[in-house]
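# Geometric and topological summary
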Amino acid sequence: MIVELGHFALVLALMVALVQSTVPIAGVYRADGRMQAVGVPAALTQLLLIGLSFAALTYAYVVSDFSVVNVFENAHSDQPLLYKYTSVWGNHEGSILLWVLILALFGGLVAAFGTNLPQRLKALVLSVQGWISVAFIGFILGTSNPFARLDPAPFEGRDLNPILQDIGLAIHPPLLYLGYVGCSISFSFAVAALIDGRIDAAWARWARPWTLAAWVFLTLGIAMGSYWAYYELGWGGFWFWDPVENASLMPWLATTALLHSAVVMERRDALKIWTVLLAILAFSLSLLGTFLVRSGVLTSVHTFAADPTRGVFILLILCAFIGGSLALFALRAGSLTPGGIFAPISREGALILNNIFITAATATVVVGTLYPLVLESLTGAKISVGAPFYNLTFVPVVAPLLVLIPFGPLLAWKRGDLRAAAERLTLAFGLSILGTIVVLAFVGVSQALALLGVWVGLWLMVGAFAELAARIKLAQAPLSESWRRLVGLPRSTFSTALAHSGVGIMVLGIVSASVWSGEDIRSMTVGETATIAGYEITLDGFRSGRGPNYEEASAQLTVRRDGRVIAVMSPSKRFYPARDTQTTEAAIETRGFSQIYLSLGDIAEGGTTVRIFWRPWVTLMWWGAVVMSIGGALSLTDRRLRVGAPRPARRRRLAPAE
Amino acid sequence: MNSLILWVVMAGVAAGVTAVILIPLFRGRTGVDSGSAERAIYRDQLEELEREVERGLIGPSEAEAARVEIARRVMHLETRSDAAAAGVRAGRLRLAGAGILLAPLAAFGLYVLLGSPNLPDNPQAARIDTPVEEADMATLIGRVEQHLADNPDDGRGWEVVAPIYARFGRFDDAAEAFAQALRVLGPTAAREANVGEALVWANGGLIVEPARDAFTRALELDPANIRARFYLARALEQDGRDDEAVEAWRALLDDAPPEAAWTAAARASLTELETRLGLAPSGPAQPPGPTAEDMAAAQELTVEEREDMIVGMVEGLAARLEDEPGDVDGWTRLIRSYVVLDQRDQAVGALGRARVALVDDEAGLAAVDAMARELGLQDATEPAQ
Amino acid sequence: MTRKQRRLTMIGAAGVVLALAAGLVLYALSDQIVFFNSPSEVIAQEVAPGSRIRLGGLVADGSVVKAEDGAVTFAVTDGAATIQVAFRGILPDLFREGQGVVTEGVVNRDKTFTADTVLAKHDENYVPAEVVDALKEQGHWEGGGS
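Residues numbered from 1 in each chain as written. Chains lettered and ligands numbered in written order. Predicted model: local features only at pLDDT ≥ 70, side-chain atom pairs only at ≥ 80, totals over all residues.

### Quick word on the overall build of chain A
Within chain A, the secondary structure is distributed over 22 helices and 11 strands. Over its C-alpha atoms chain A spans a radius of gyration of 27 Å, differing by no more than 12% from the 26 Å that the globule rule assigns to 658 residues. C-alpha atoms of chain A, sized along the principal axes, occupy 90 × 70 × 55 Å. Within the span of chain A, comprising 658 residues, buried residues form 59% of the whole. (Helix = DSSP H or I, 4+ residues; strand = E, 2+ residues; numbered from the N terminus. Rg over C-alpha atoms; globule rule 2.2 N^0.38 Å. Buried ≥ 20, exposed ≤ 12 C-beta atoms within 10 Å, placed from the backbone.)

### Thoughts on the pairing of strand 5 (residues 551–561) of chain A
Residue and element names in this part refer to chain A. Sheet topology places strand 4 (residues 535–546) next to strand 5; 10 bridges connect them, and they run antiparallel. Bridge pairing in strand 5 places I537 opposite V559. The hairpin formed by strand 4 and strand 5 contains 4 residues between the paired strands. The pairing of strand 5 with strand 7 (residues 572–576) spans 4 bridges and is classified as antiparallel. Looking at the pairing, S554 lines up with S572 of strand 7. The pairing of strand 5 with strand 6 (residues 564–569) spans 5 bridges and is classified as antiparallel. (Pairing = 2+ DSSP bridges.)

### Focus: the confidence of the model for chain A
All names here are of chain A. Across chain A, pLDDT averages 86, with 93% of residues at or above 70. Averaged pLDDT values for the elements of chain A fall to 37 in helix 22 (residues 650–654) and rise to 96 in helix 3 (residues 39–62). Predicted confidence is poor over residues 641–658, with pLDDT under 50, and the contacts of this stretch with residues over four places away or in other chains come to 38 contacts. (pLDDT = per-residue confidence, 0-100. Contact = placed C-beta atoms within 7 Å.)

### Some thoughts on the pairing of strand 1 (residues 33–37) of chain C
Two elements, strand 1 (residues 383–385) of chain A and strand 1 of chain C, share 3 bridges in a ladder whose sense is antiparallel. Directly across from S384(A), in strand 1 of chain C, lies its bridge partner V34(C). Examined bridge by bridge, strand 1 of chain C and strand 2 (residues 52–59) of chain C share 3 bridges and lie parallel to one another. Within strand 2 of chain C, the residue paired with F35(C) across the bridge is I53(C).

### Let's talk about the sheet that holds strand 9 (residues 587–591) of chain A
Think of a sheet as strands paired side by side through backbone hydrogen bonds, with each pair either parallel or antiparallel. Residues and elements named next belong to chain A. Taken together, the 4 strands give an open sheet; going across it, the order is 2-11-10-9, and neighbouring strands pair in antiparallel fashion. This sheet does not close on itself; its edge strands, each paired only once, are strand 2 (518–525) and strand 9. Sheet twist, expressed as the mean angle between neighbouring strand axes with direction ignored, is 20 degrees. Looking at chain direction, strand 10 (residues 594–604) and strand 11 (residues 607–615) are connected through 8 bridges and run antiparallel. Each residue of the ladder has a partner; that of S599, found in strand 11, is R611. (Axes fitted to C-alpha atoms, helices over the stretch in contact; angles between N-to-C directions.)

### Some points on the packing of helix 1 (residues 2–29) of chain A against helix 7 (residues 119–143) of chain A
Residue and element names in this part refer to chain A. Closest axis-to-axis distance for the helix 1/helix 7 pair is 7 Å, and the angle between their directions is 150 degrees. Considering their axes alone, helix 1 and helix 7 lie roughly antiparallel with respect to each other. As helix 1 runs across helix 7, the sense of the crossing is left-handed. Of the residues assigned to the contact of helix 1 with helix 7, the class counts are 17 nonpolar, 7 polar and 1 charged. (Parallel < 35°, antiparallel > 145°, perpendicular 65-115°, else oblique. Left-handed = near helix turned anticlockwise from the far one by under 90°. Nonpolar A, V, L, I, M, F, W, Y, C, P; charged D, E, K, R; others polar.)

### Overview of unusual backbone geometry
Residue and element names in this part refer to chain A. Unlike most non-glycine residues, S64 shows phi in positive territory, near 55 degrees. Mapped onto the secondary structure, S64 falls in the loop between helix 3 and helix 4 (69–74). A residue is classified by how many C-beta atoms lie within 10 Å of it, and S64, with 24 of them, is buried. Located in the positive-phi region is W617, a residue other than glycine, with phi close to 55 degrees. Structurally, the position occupied by W617 is in the loop between strand 11 and helix 21 (619–637). Residue classification places W617 among the buried residues on the basis of 22 C-beta atoms within 10 Å.

### Re the nonpolar core
L12(A), V16(A), V100(A) and A279(A) are the most contacted members of the largest nonpolar core, which totals 253 residues. Per-element tally for this core: the top contributor is helix 9 (residues 201–232) of chain A, with 18 residues. In this view, V16(A) contacts A42(A), T45(A), Q46(A), L49(A), V17(B), I21(B) and A103(B); residues no more than four positions away in its chain are not counted. Judged by nonpolar contacts, the second largest core, of 23 residues, contains F36(C), V59(C), F95(C) and V102(C). (Core = buried A, V, L, I, M, F, W, Y, C linked by C-beta atoms within 7 Å.)

### Examining helix 10 (residues 243–268) of chain A
Between its first and last C-alpha, helix 10 of chain A extends 37 Å over 26 residues, near the 38 Å set by a 1.5 Å rise per residue. With 26 of its 26 residues buried, helix 10 of chain A lies for the most part within the structure. (Expected span 1.5 Å × (residues − 1).)

### Comments concerning the environment of V626(A)
Residues and elements named next belong to chain A. Of note, V626 is situated in helix 21. With 17 C-beta atoms packed within 10 Å, V626 lands in the partly exposed category. Linking V626 and F187, residues 439 residues apart in sequence, is a C-alpha distance of 26 Å.

### Comments concerning the confidence of the model for chain B
Residues and elements named next belong to chain B. In the predicted model, chain B carries a mean pLDDT of 75, and the fraction of residues at 70 or more is 76%. Mean pLDDT across the elements of chain B ranges from a minimum in helix 14 (residues 292–300), with 52, to a maximum in helix 1 (residues 2–22), with 91. Segment residues 80–87: pLDDT under 50, and 12 contacts once partners within four positions in sequence are set aside and those in other chains are kept. pLDDT under 50 marks residues 380–385. Its contacts with residues more than four places away, or in other chains, come to 5 contacts. Both scores are given for the predicted complex: the pTM is 0.77, the ipTM 0.83.

Next comes the structure, spelled out in structure tokens:
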């Protein structure tokens, strides 16, 4: 009964979404406040219904109700309880339901907390949200219904794909979806503004926090996904430039650009049209990501639930939303009032430069991801675009941006002073060069490009705090004065510094893990010792065991440094009988920010092939993403709102007043 | 009963949701209009600015510039007319209300199309606890499987579940189970033949290499094993070694009691081969037992129908044995069928009758007793010495 | 600067960056991409020796030979042609004889293939789309769908 109730709730949610997508917008055109107000209860009840539906599916998973096809295909009664929960979204149907649930959650939040939104705008936003809901609930009911039943019910399920039975997967998709779907809010705001034909300065104030939240979740989601692939796939790689990874990177880049342009719009009432376009593009790229992953047009190491027949439906959704919103943009953008003016060397100018670079970088990823599809449909030739392509396009485009980042926050609004900014960065520059020289002393001069990368990382880390230092007059005023200023600083200053230094930390991790990694594949017999990066790794023996729904054969290896035991690692091979599938479970030992990574090949008589990686400073990459997210989250808590006060440059202040 | 509750709950949910959505239509206008919302924001901004001036975060001249800019924007705001008017026409409201009322009805319509309201929840834990008599076959098999997963050395268990798998068409599982039984209980000709036969079924009648090996081993253990000889003859035929196949079939039929079930198939194959090779046909005799047509028909049937057919065949066999009590093969077949059908009492009864009927046939009695041991029927019915 | 000049400066900067990106993309697309080929295409001289490609097909039955030192050789076939592949490293979990596989590496002069990557598949039912297409071309695909 609970399962069927969940099914009915989903069907009813579709109908409520239909109401939500028509009545409020009709109210706007008829200038009828009561019809506009229908959007709020519709969005809230929709959230309730989809929540009910999701809870019912979760219930079916937890109690192993194999009369539900979806549960039968993706669960096993012996799974640990945690994986019974994560199995809910470890498959196509359930994950789309989660997507819709998050969409309804965001819609519900707008309805519940947008009490200070102008009613017209709120009605339009909720209507646009309703359209997206209708499309995706329709997709679920039409092509991927998780509530289809089996009668008679099989006694045992087919188990979740073992590679997905992992804590990383428990967190990764929900985070990523929070990001993807969070983009829908700024999209809805943008489309609402276009329909309405005007953008208030207040528009950015409402749209920006949502974008920021989406960006934080996307950042964490991508980092989590990267770490999951790193330890679960057993190849020791962290980013494969795989189309599915790009699918999440593209919206992340677009949201990053949107965040920065929304700042200009919020503070300076400028760049409106561009910001609206970016909001549309960010969500379009999210939809594209969903399409690429869910339709099965791509072959990918990450695609675990692909069905080409569903592709057509998603493609239609994609065309309707992207095409429709861009057409609307073309029609209505002209009616939006253009914003204020400013000099190229200014905070606004710097933010625009950021947008230009990020847009270009996004474009390279889009081309690299879609070119193989286009080429194949035109000529039939099958190609793959991998790391070499992106190293030659994405990296050179992003590199200058990274070098320029520390300058941005030091420039004043309206009219900035580049030389003053440069002066303030002298110390940061010196420190980063010093740090690079220290690294140089350790690794030698063999890798000039890598050293450049290290410098960029350090430069970003230190330079990010130059603005902070300048604003509290560090070393210029007494410490107590600096402290007083530090406490009084708006949180957004800290968040900018944190986010930018997070980029630096990440660059450092990526460069180090890519360039100075050690890798050794060797067959080892019991008692044999391998050496990597000064660590001696000895194979002690093998052990076999049984998990709840798998059998496991693991190897015990002792890691020593200078004869002292520092860790015992046991990488393993697992066999899941329900799926007749084997997985490789890597063992990872973290030393500071560096990691020793072991994964096994086939175990034969008294020996096995072992893949040994040494990944120096590798965790910095993910810590960088975490620091960036903390920066973003901090900015979310800063409810401060202020127009960009023109800050006269220092040298001008020294000149006699006119 | 259960589904009635479901309909009531669904109706309740639908009614509640509809009512909540309808509320705004019956209320006055309460929303915030655009102009005042924006003015509120600029007021916020001005206050924020004042706070910063107080804290000395912003210089007076900069603050003044910012103030001027905000003022400029507020002025710009005043000149714009707010489009949200209050004109409400009752007709439109009624239309919107009707649309909203339609939503739950449409939901019920769509749900009836998509849902399975009569199917109750079926959690596995509840199924494990259902009494045996009420449990469905899948649950029973599931229980045995769990038992065997925990006690993989229960050879008898494997032997019980294997024919059931075969009956449900899960031939791969059947072959695996027979192989497990063989592993635990040790090789006999019959067990080797069981494995081989299941492998043949699993491969759609093709005598694959592992099956052939199993039959060969069976013959090593018991050169007279009929099933092994039967399938090996068929294997020769599949390999195109027609002459040898003819030899094998003839030898097999010579040794066989005329009324054995498989002789029809053997004779058909032999006849076909002989015709193809231009040989004189061996004596055609239409024996009892299922004809090729019957077997073909069995392939087309559903599980239930096939079960009925099997039961029918078993009853026919039992009736025939009343008339021809000397048929050893018939008795073994009957007893084995009862065991496969899980009718143990019937099997024991048939064993008793066979012993009475075959009391003069020493070889036959030995064969029946051997099979009874193999099927685990022995203990219950050890004949009084 | 006038409003117009400022706008032109912005557009100019955007133009320069985008042109740079476009140039890099075009260069990279001509040089840094990897084509997918079937064994038949390699045998039919369509692939120059020394070029880097992805080779896809089924792992031929009974062809996998694992040496002591972790080196592996196996044959990839599309039904019409078969190529010997040499690989050093740990094979993905789902690498099996008779299963679809995609390897990346270099074609040797003697029409053998030296792979540095063997791509994993995450589902025992899943065969890479390229392999399916290649097999269809050779008339060896029996499954449904695409």
